[in-house]
Amino acid sequence: MYNIAVLPGDGIGVEIVPEAIKALKAVAEKFGHEFKFEEALIGGAAYDAVGHPLPPETLEICKKSDAVLLGAIGGPQYDELPVHLRPEIGALLPLRKELALFSNLRPCILFPGLLQASTIKEEVIQGVDIMVIRELTGGLYFGDKYREKTLDGGEKATDILTYSTDEIERIVRFAYEVARKRRKKLCSVDKANVLESSRLWRETVSVLEKEYPDVETIHMYVDNCSMQLIRDPRQFDVIVTENMFGDILTDEASMLTGSIGMLPSASIGGEVGLYEPSHGSAPDIAGQNKANPLATILSAAMLLRYSFNMDKEAEVIEQAVTRVLEEGYRTGDLLSCSDSGGKEIKVLGTREMGDVIVEKIMLL
Ligand code: IPM
Ligand code: MG
């Protein structure tokens, strides 16, 4: 029996998480597993209910679970709160830190059925399969932040960016191990021409490189990488990078897959893994049954693979997604003007997309 902590959060989080649970229940039924789900509050929803975005009970439930499934957090109504009570800095970042999840995996895979859904030309993205590994508990997002008054009556704001050799080594080693099981190419992304932390990053990778002679290592500046991802994304196999660069590059890379609604993530490294879509709470479409649940459903597949060692089960979910897209089922975010070419497109709501995935899981 496996315990899964469920944190729907805010906005579309409460709509997409139930669809991933449906998929997990279908897998449990098909393979004879027992999953127990325990729901807890996080983000704005937790702030509204109990006055803090990460209540101690939530953290407790996560820590004693076998894995955590999260929806999304945040919303415009929380943007004016004191910084420590905002969903991002008050809940999501501390949750990642508390669970020691230094390694964030974001697989950017183009499902064949979505070749025409991307805004990028088909010949550029056909066959894209990139694993971006983002360092998740260090760097700028966790450094000291403060403001000072200046003599001219203005203010000065500071964010500290720190990385230690240890922190770089553990994420880069992890990335090498992943690359070994894939196409054996590692691209380390930094800004070593300007930043000291990036120079340490590059030096550290250059030392480790010698331990992995079977993996081809290249170093790339982050600005160049953001351009190369659009110019020729198939040159990439595994990308490893620091926290903020990984945050930005993965939003960009998600468009190679058609929509940010397709990008799942796994955060691992501690005892309990956290699985969440890479997108946000999308307040503009929240509550309308319009959100794409596939990134969350694919995050549930990653949960099975990385926390429960259930490869077959994870593949069934991924296969179900592949088939459903091939059959022309879409949520609104996956529609594009060129999309209708040839096949009949069926636009579904969040719940209906969850239903066809469950049907497929049971049929496969
Ligand atoms: C992500 C998100 C978060 C991050 C925000 C919500 C704090 O953008 O998971 O990519 O920056 O890590
Ligand atoms: Mg982000």
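Conventions adopted
Residues numbered from 1 in each chain as written. Chains lettered and ligands numbered in written order. Predicted model: local features only at pLDDT ≥ 70, side-chain atom pairs only at ≥ 80, totals over all residues. Heavy atoms only, no water. Helix = DSSP H or I, 4+ residues; strand = E, 2+ residues; numbered from the N terminus. Buried < 20%, exposed > 50% of the residue type's maximum accessible area, 1.4 Å probe, protein only. Polar contact = N/O pair within 3.5 Å; in protein donor to acceptor, adjacent residues only side chain to side chain. Phe/Tyr/Trp six-rings, centres within 6.5 Å; stacked < 30°, edge-to-face > 60°. Arc of directions from axis to C-beta. Contact = heavy atoms within 4.5 Å. Near = heavy atom within 4 Å. Areas by Shrake-Rupley, 256 points an atom, 1.4 Å probe, with all protein chains shown as cover. Nonpolar A, V, L, I, M, F, W, Y, C, P; charged D, E, K, R; others polar. Domains from an automatic or database assignment. Salt bridge = Lys/Arg side-chain N within 4 Å of Asp/Glu carboxyl O.

Peer 1: Hey, could you run me through the environment of Asp152 in this one?
Peer 2: Tracing the backbone through its elements, the reader meets Asp152 in the loop between β6 (145-149) and β7 (155-159). For Asp152, a relative accessible area of 68% gives the class exposed. A distance of 2.5 Å separates polar atoms of two side chains, one belonging to Asp152 and the other to Thr150. A distance of 2.9 Å separates a polar atom in the side chain of Asp152 from the backbone nitrogen of Gly154.

Peer 1: Could you clarify how one ought to interpret the packing of aromatic side chains in this entry?
Peer 2: For any pair of aromatic rings, the description rests on two quantities: the centre-to-centre distance and the angle between the ring planes. Inspection of every chain in the model, using the stated rule, returns 6 aromatic pairs. Considering the side-chain rings of Tyr176 and Tyr212, the 4.2 Å spacing of their centres and the 0 degrees angle between planes classify their relative orientation as stacked. Taken together, the residues Tyr176 in helix α6 (residues 165-180) and Tyr212 in the loop between α7 (196-208) and β9 (216-221) connect sequence positions 36 residues apart. Judged by its relative accessible area of 0%, Tyr176 is buried.

Peer 1: Just checking my understanding: could you explain unusual backbone geometry for this structure?
Peer 2: Working note: non-glycine residues mostly have negative phi, and peptide bonds are mostly trans. Look at Asn289: it is not a glycine, yet its phi comes out positive at around 55 degrees. Mapped onto the secondary structure, Asn289 falls in the loop between β12 (273-275) and α10 (294-306). On the basis of relative accessible area, Asn289 is assigned to the buried category, the value being 16%. Positive phi outside glycine occurs at Asn309, with the angle close to 55 degrees. Residue position: Asn309 is located in the loop between α10 and α11 (311-326). Judged by its relative accessible area of 67%, Asn309 falls in the exposed class.

Peer 1: Teacher, can you tell me more about helix α3 (residues 56-63) here?
Peer 2: Turning to α3, its buried residues are Thr58, Leu59, Ile61 and Cys62. Viewed end-on, α3 has its buried residues packed into an arc of 160 degrees, placing them on one side of the element. Contacts from the buried residues of α3 go to β1 (2-9), β2 (35-39), β3 (67-72) and α4 (87-98).

Peer 1: Sorry if this is basic, but what is going on with the site of ligand 1 here?
Peer 2: In the region of ligand 1, the neighbouring residues are Glu88, Leu92, Leu93, Arg96, Arg106, Arg134, Tyr141 and Asp247. Between ligand 1 and Arg96, the relevant distance is 2.6 Å, taken from an oxygen atom to a side-chain nitrogen or oxygen of the residue. Within the side chain of Arg106, a nitrogen or oxygen atom sits 2.8 Å from an oxygen atom of ligand 1. Isolated, ligand 1 exposes 320 Å² of accessible area, and the fraction of that covered by the protein chains is 79%. For the shell around ligand 1, the element with the highest residue contribution is α4, accounting for 4 residues. Broken down by class, the residue content of the shell around ligand 1 amounts to 3 nonpolar, no polar and 5 charged. Taken domain by domain, the makeup of the shell around ligand 1 includes at least three residues from each of domain 1 (1-102 + 260-364) and domain 2 (120-257).

Peer 1: When you look at the domain arrangement of the protein chain in this model, what are you seeing that I'm missing?
Peer 2: How big an interface is tends to be stated in terms of the accessible area lost upon association of its parts. Each domain of the protein chain was delimited in the assignment, giving domain 1 (1-102 + 260-364) and domain 2 (120-257). Taken over C-alpha atoms, the centre of domain 1 sits 24 Å from the centre of domain 2. Taken together, the contacts link 13 residues of domain 1 with 16 residues of domain 2. Linking domain 1 with domain 2 are 0 salt bridges. Linking domain 1 with domain 2 are 2 residue pairs in polar contact (both at pLDDT 80 or more), by the criterion used here. Looking at the side of domain 1 that touches domain 2, the element that brings in the most residues is α4, giving 4 residues. The class makeup of the residues in the side of domain 1 that touches domain 2 is 9 nonpolar, 2 polar and 2 charged.

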